[in-house]
Amino acid sequence: MENQLPKNWIEVPLKEIIKSVKGKKPKIQSEIEFENSTPYMDIKALEHNIIRQFADKESSKLFEKGDVAMVWDGARSGWVSKTNFGAIGSTIVAIKPLCFKADYLFYYLLEKYPFINSNTRGVGIPHVDPTVLWSLKFPLPPILEQNRIVNKLDALFSQLETIKTSLEKIPLLLKDFRQQILTQAVTGKLTEEWRKSKDIAGWDKVILKDYTTKIGSGSTPKGGSENYKTDGIPLVRSMNIHFNGIRLKGLAFIDDEQAEKLKNVIIEYNDVLLNITGASIGRVCLADKSVSGGRVNQHVCIIRPTNDLIPGFLNIYLASSIIQNYILNENYGVTRQALTKAQIQNLEIPLPQIKEQTQILISVEKLFSKADAIEQQYKTLKEKIDSLPQALLHKAFKGELVPQLESDGDAKDLLEEIKKLKEKAKETTKKTTRKKTLKSPKSLQKKKTVSLVGKSEGRSQVKAQLNIKTQEINNHKKILEYLSETFGNKKFTYGEISIPFNHSYDSFRIALFKLMDGEISETKPKLKLLFEKGSLYLKLYK
């Protein structure tokens with residue numbers, strides 16, 4: 001590889017040009033900031049800037065300016081972030097560059113993340129393999145070129161983020177576009193001009209049960225999922241129903257004997273299948289040939305229209321925002337999440353003439369096809385954009401991103417400076433070690449005194465932990481006082497609480513959970529969680 005690099009670059013094992021410090025569990029750790037504490041930097045703190053814990057500085061290993069943080073343990077092993085403050089988390093390693101740009105090191109490790117992450121060690125929980133990491137061949141350019149590479153990457157990555165932000169809006173725009181098409185289709189606006197030219201009468205409003213031959217749901221065979229078969233007769237469940245059609249992933253199968261007990265819910269081709277319970281309530285599609293002759297469980301309702309109502313038209317009406325809002329917001333809310341057979345039977349629906357229903361389906365299909373084409377272009381573009389960062393990083397570390405200048409000097413000179421710095425650091429370490437190992441008779445005589453000092457330090461740590469515990473109890477007492485003044489002995493929901501004091505959302509939520517779990521036994525009154533009529537409430541008890 002060395003002969004592929006620019007002439008003023010040099011290739012060197014990573015371990016020769018960095019120092020590393022592995023994080024550890026601090027002696028004192030709390031959700032509440034305390035005196036002489038610092039943020040505890042775990043992966044959430046590094047990735048999302050969410051500080052959940054604080055650690056005492058004295059027992060912690062701390063990040064320094066110019067460090068690159070790397071996740072050492074877990075599924076994200078090898079992931080890197082830039083930081084310069086806080087305690088190094090126990091699953092994190094701080095990597096410190098010697099005499100070269102920290103941002104250049106960060107971008108290099110970012111490019112190597114897929115390789116490091118796919119070459120971990122350990123059974124169960126993966127860990128970064130030190131042999132793999134430290135033996136990486138690091139491409140070292142002169143400092144001036146490092147600056148240009150970092151500046152170029154900063155600019156390009158900033159542009160990519162702007163493009164990604166714009167692209168993220170497209171799926172939502174397409175979803176809104178499709179919903180507008182459906183709404184216009186089932187309110188008559190989509191075919192308004194067509195209707196005038198054909199001299200067709202207006203629409204009737206009818207009750208669904210009067211225009212169907214079947215409305216009903218099934219059940220789960222005795223024994224549940226344990227008695228499903230690997231093949232046989234399809235059993236369609238809510239997970240299989242999606243607005244864009246049947247999804248076969250997770251499709252269950254039953255045998256003839258089980259199917260016989262569900263003979264009243266046999267699926268026919270072009271039946272309308274509607275999810276009637278759970279989080280996916282309201283999802284609807286037409287039955288295709290892959291599930292014809294199958295059955296549905298209790299979470300899916302079969303709606304079979306008469307000849308006066310085309311299944312496709314009923315499908316788009318149920319999928320439109322008119323019915324979706326009716327199901328999800330106006331009538332049932334988030335706590336009930338269920339539609340009864342009677343409610344489905346009594347749904348009021350518009351009924352155009354068959355000719356217009358057919359024209360509506362043709363118009364919707366054409367417009368949806370255009371939306372599908374745009375969505376495919378979006379996916380192709382997104383795939384290219386997502387692959388660009390690695391492509392840019394690859395070019396950068398081959399010396400192809402910015403030009404090389406004679407005035408930059410040679411990386412060999414930089415490597416010599418790094419070696420000198422390492423030698424100097426070794427000498428300092430040796431002197432410190434020698435001082436510690438040379439014991440005078442007096443120091444030996446003071447062994448007991450040293451032991452007493454150690455005990456004194458231990459008492460200080462215990463005292464600090466007790467102070468934190470006291471702070472936490474006082475903090476929870478304030479929360480209970482606030483809740484008592486605001487709600488008294490009435491029940492209330494979490495949404496009715498205005499977060500008081502200087503709490504963050506996360507810290508306040510954690511405090512509430514501790515109070516509900518009874519972890520802080522010193523606090524009164526007690527906070528309890530209630531479940532009444534399908535809803536969750538909180539209430540104080542003295």
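Look above for the structure.
Fair warning: this is a prediction, and the values are worked out from it, not measured in the lab. (Residues numbered from 1 in each chain as written. Predicted model: local features only at pLDDT ≥ 70, side-chain atom pairs only at ≥ 80, totals over all residues. Heavy atoms only, no water.)

1. Focus: helix 8 (residues 311-319)
Then, number 1: The buried fraction of helix 8 amounts to 9 of the 9 residues, a majority that puts the element mostly inside the structure.
Then, number 2: Of all the positions in helix 8, only Pro311, Gly312, Phe313, Leu314, Asn315, Ile316, Tyr317, Leu318 and Ala319 are classed as buried. (Buried < 20%, exposed > 50% of the residue type's maximum accessible area, 1.4 Å probe, protein only. Helix = DSSP H or I, 4+ residues; strand = E, 2+ residues; numbered from the N terminus.)

2. Quick notes on the packing of aromatic side chains
Then, number 1: Going through the model one piece at a time under the given rule, you end up with 9 aromatic pairs.
Then, number 2: A centroid spacing of 5.2 Å and a plane angle of 70 degrees characterise the contact between Tyr104 and Phe397, whose relative ring orientation is edge-to-face. Remark: Phe397 occurs in the loop between helix 12 (354-396) and helix 13 (411-437) and Tyr104 occurs in helix 2 (residues 102-117); sequence separation between them is 293 residues.
Then, number 3: Residue Tyr104 is classed as buried on the basis of its relative accessible area, which comes to 1%.
Then, number 4: For Phe397, a relative accessible area of 4% gives the class buried.
Then, number 5: Considering the side-chain rings of Tyr108 and Phe138, the 4.7 Å spacing of their centres and the 80 degrees angle between planes classify their relative orientation as edge-to-face. With a gap of 30 residues between them, Tyr108 in helix 2 and Phe138 in strand 10 (residues 137-140) connect regions that are remote in the sequence.
Then, number 6: In this structure Tyr108 comes out as buried when scored by relative accessible area, which is 1%.
Then, number 7: Look at Phe138 and you get buried, because its relative accessible area is 0%. (Phe/Tyr/Trp six-rings, centres within 6.5 Å; stacked < 30°, edge-to-face > 60°.)

3. So, unusual backbone geometry
A negative phi angle is the norm for most residues apart from glycine, just as the trans form is the norm for most peptide bonds.
Then, number 1: Even without a glycine there, the phi angle at Asn49 is positive, about 60 degrees.
Then, number 2: Relative to the helices and strands, Asn49 is located in the loop between helix 1 (43-48) and strand 5 (54-56).
Then, number 3: Unusually for a residue other than glycine, Cys99 sits at a positive phi of about 65 degrees.
Then, number 4: Looking at where Cys99 falls in the secondary structure, it is placed in the loop between strand 9 (92-97) and helix 2.

4. A short note on the sheet that holds strand 20 (residues 300-305)
Then, number 1: Pairing within the open sheet is antiparallel, and its 4 strands lie in the order 12-20-17-18. The strands lining the two open edges of the sheet, one partner per strand, are strand 12 (212-217) and strand 18 (284-286). Neighbouring strand axes in the sheet, compared pairwise and without regard to direction, differ in orientation by 20 degrees on average.
Then, number 2: Two elements, strand 17 (residues 272-275) and strand 18, share 3 bridges in a ladder whose sense is antiparallel. When the sheet's bridge partners are listed, Val272 is paired in strand 18 with Leu286. (Pairing = 2+ DSSP bridges. Axes fitted to C-alpha atoms, helices over the stretch in contact; angles between N-to-C directions.)

5. Considering the sheet that holds strand 5
Then, number 1: The strand order across the open sheet built from 4 strands is 3-5-4-8, with neighbouring strands paired in mixed fashion. At either end of the open sheet lies a strand with only one pairing partner, and these are strand 3 (29-30) and strand 8 (87-88).
Then, number 2: Pairing of strand 3 with strand 5, which is carried by 2 bridges, proceeds in the antiparallel orientation. Following the sheet pairing, Ser30 is matched in strand 5 by Phe54.

Read these as layout, nothing more, since geometry by itself doesn't imply function.
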